[in-house]
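Descriptive analysis of the structure
As a plain string of letters, each chain reads:
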Amino acid sequence: MVKDKLQRKIEDRTAIIGVIGLGYVGLPLVLEFCQGGFPVLGFDLDAEKVEKLGRSKSYIKHIPDDSLKTLNDTGRFHATTEFSRLTECDAIIICVPTPLNVNREPDLSYVLSTARQIRATLRPGQLVSLESTTWPGTTDELLLPVLSESGLKIGVDFFLAFSPEREDPGNPEYGTRNIPKVLGGITPACADLAERLYASVLDHIVKLSGTREAEMTKLLENIFRSVNIALVNELKMLSDRMNIDIWEVIEAAGTKPFGFMPFYPGPGLGGHCIPVDPFYLTWKAREYGMSTRFIELAGEINNHMPEYVVGRTIQALNERRKSLKGAKVLVLGVAYKKDVDDMRESPALELIELLRERGAKVEYNDPNIPKLPPTRKHKFDMRSKSLTEKRLAGMDVVLITTGHSAYNYDFIVKNSPLVVDTRNATKNVKRFRSRIVLA
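Residues numbered from 1 in each chain as written. Predicted model: local features only at pLDDT ≥ 70, side-chain atom pairs only at ≥ 80, totals over all residues. Heavy atoms only, no water.

**Observations concerning the side chain of Asp 341**
Its location among the elements puts Asp 341 in the loop between β9 (328–332) and α12 (347–357). Among the polar contacts listed, one links the side chain of Asp 341 to the side chain of Tyr 24, at a separation of 3.2 Å. Looking at Asp 341, its side chain comes within polar contact range of the main-chain nitrogen of Lys 61, at 2.7 Å. (Helix = DSSP H or I, 4+ residues; strand = E, 2+ residues; numbered from the N terminus. Polar contact = N/O pair within 3.5 Å; in protein donor to acceptor, adjacent residues only side chain to side chain.)

**A closer look at the environment of Leu 399**
Within the secondary structure layout, Leu 399 lies in strand β11 (residues 397–400). By relative accessible area, Leu 399 is classed as buried at 1%. In sequence terms Leu 399 and Val 420 are 21 residues apart; their C-alpha atoms lie 4.8 Å from each other. (Buried < 20%, exposed > 50% of the residue type's maximum accessible area, 1.4 Å probe, protein only.)

**With respect to the packing of aromatic side chains**
All chains considered together, the criterion is met by seven aromatic pairs. Ring centres of Phe 33 and Phe 38 lie 5.7 Å apart, and the angle between their planes is 80°; this geometry places the pair in the edge-to-face category. Across this residue pair, the class does not change: Phe 33 and Phe 38 are buried. On the numbers, 5.5 Å between centres and 40° between planes, the contact of Phe 43 with Phe 83 is tilted. Taken together, the residues Phe 43 in strand β2 (residues 40–43) and Phe 83 in the loop between β3 (77–80) and β4 (91–94) connect sequence positions 40 residues apart. We classify Phe 83 as buried; its relative accessible area is 12%. (Phe/Tyr/Trp six-rings, centres within 6.5 Å; stacked < 30°, edge-to-face > 60°.)

**Describing the sheet that holds strand β7 (residues 181–185)**
The strand order across the open sheet formed by eight strands is β3-β2-β1-β4-β5-β6-β7-β8, and the pairing between neighbours is mixed. The two strands at the open ends of the sheet, each matched to only one other strand, are β3 and β8 (205–207). Across this sheet, the average inter-strand angle for adjacent strands is 25°, counted without regard to direction. The strands that helix α7 (residues 188–199) touches are β1 (17–20), β4, β5 (126–130), β6 (158–162), β7 and β8; relative to β7, the one it contacts most, it runs at about 155°. The strands touched by helix α8 (residues 211–241) within the sheet are β6 and β7, with β7 carrying the most contacts at an inclination of about 150°. (Pairing = 2+ DSSP bridges. Axes fitted to C-alpha atoms, helices over the stretch in contact; angles between N-to-C directions. Contact = heavy atoms within 4.5 Å.)

**Details of the pairing of β5**
Two faces belong to every sheet, and in a regular strand the side chains alternate between them. Summarising burial for β5: five of the five residues are buried, a large majority. The alternating pattern of β5 places Gln 126, Val 128 and Leu 130 and Leu 127 and Ser 129 on opposite faces, both of which are buried. The handedness of the β4 to β5 crossover, carried by helix α5 (residues 109–121), is right-handed. Inspection of the sheet shows β5 paired to β6 by five bridges, in the parallel sense. In the strand pairing of β6, Gln 126 is matched with Phe 158. Where the polypeptide runs from β5 across helix α6 (residues 138–148) and back to β6, its parallel neighbour, the crossover connection is right-handed. (Right-handed = clockwise from strand over helix to strand, strands pointing away.)

Shape is all these values report; function is a separate question.
Pasting the structure below:
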């Protein structure tokens, strides 16, 4: 049987693994499968990425060059832009973006384009696993029909599963190997093969009853975070009005050993998941005649935070008899979270745009991002500026948007006339507290 043959290949680690999309999700998977003894083909449209991988040069901060050199030294990995080579693969893992379009509706163009490329070379004995976050029903409603156009039968000739990525770039405790791997298959045979594949290189597998349950699991995880972050963001705005330190309140509430989980406010949501994933479900819910009010309200609050931070910055400048128009503003940190080089959906980009629109002269510093690359929404021609006493002193306001560990906050506050801190990064700075405004 086709299934038995593929199962044996997985068990003896001769199955060729194809990973489509060599970014923050795909590249860590490549490393795990190669380290697990599998031959791996990596596919990406970006020829520059493919070329760098061939030279063992990393473009992701938490994956060092040495890891890629070890990868290449095994002789088991090859990166390519030639998607015709998908026919060589026994298992194909899809790790492509699933952004929102300008109307905040799901954009599955990357997933569908990839599905059509797989269909063109699909053969008996291949397992396809989608890891890109999406709405419940995508795997069986969109991918399955496209792949079935090949004439092959699901669960007999080819196999299809959904297993959401759970990457947390820069997390020192949890990585691809030890984060429990959720999955669901279109048929029991699909789920069984996907479980065997992932279990061969990852520590813990959570097999669900179907692909929709797996798709919903990923959305629940990120909606939970979005709603709770919106709650503390709203409380932060109220606390500012009431002259209450919300950071102290959260720390105190966190001492309760049950019934409370701390979440922290910030200048807005960033990353590839929380700003995007909840809206996949709100869009799908409309098909069922439902309005997901909690999700939509959380989105409104979180999307408002950059405007709120700009408002607080204007207020802080006004109290010092300065205007934002013409003011020199240094944005500290453009990554979406501390100690990473990932700036997908970073609220810092929205802040830069809002500040510029109001006439501010904006510069930025980020030790992990030397130049701002173009994104879907923003195209800034800006490079990171060095942090010197002279530069800090020459600013009207320094705006901390990402609390990188590399920053010396005592030095920053000492040499800056005004600091607007959206991350409570200056909490341990004892001197010059009058220069700090929490926002």
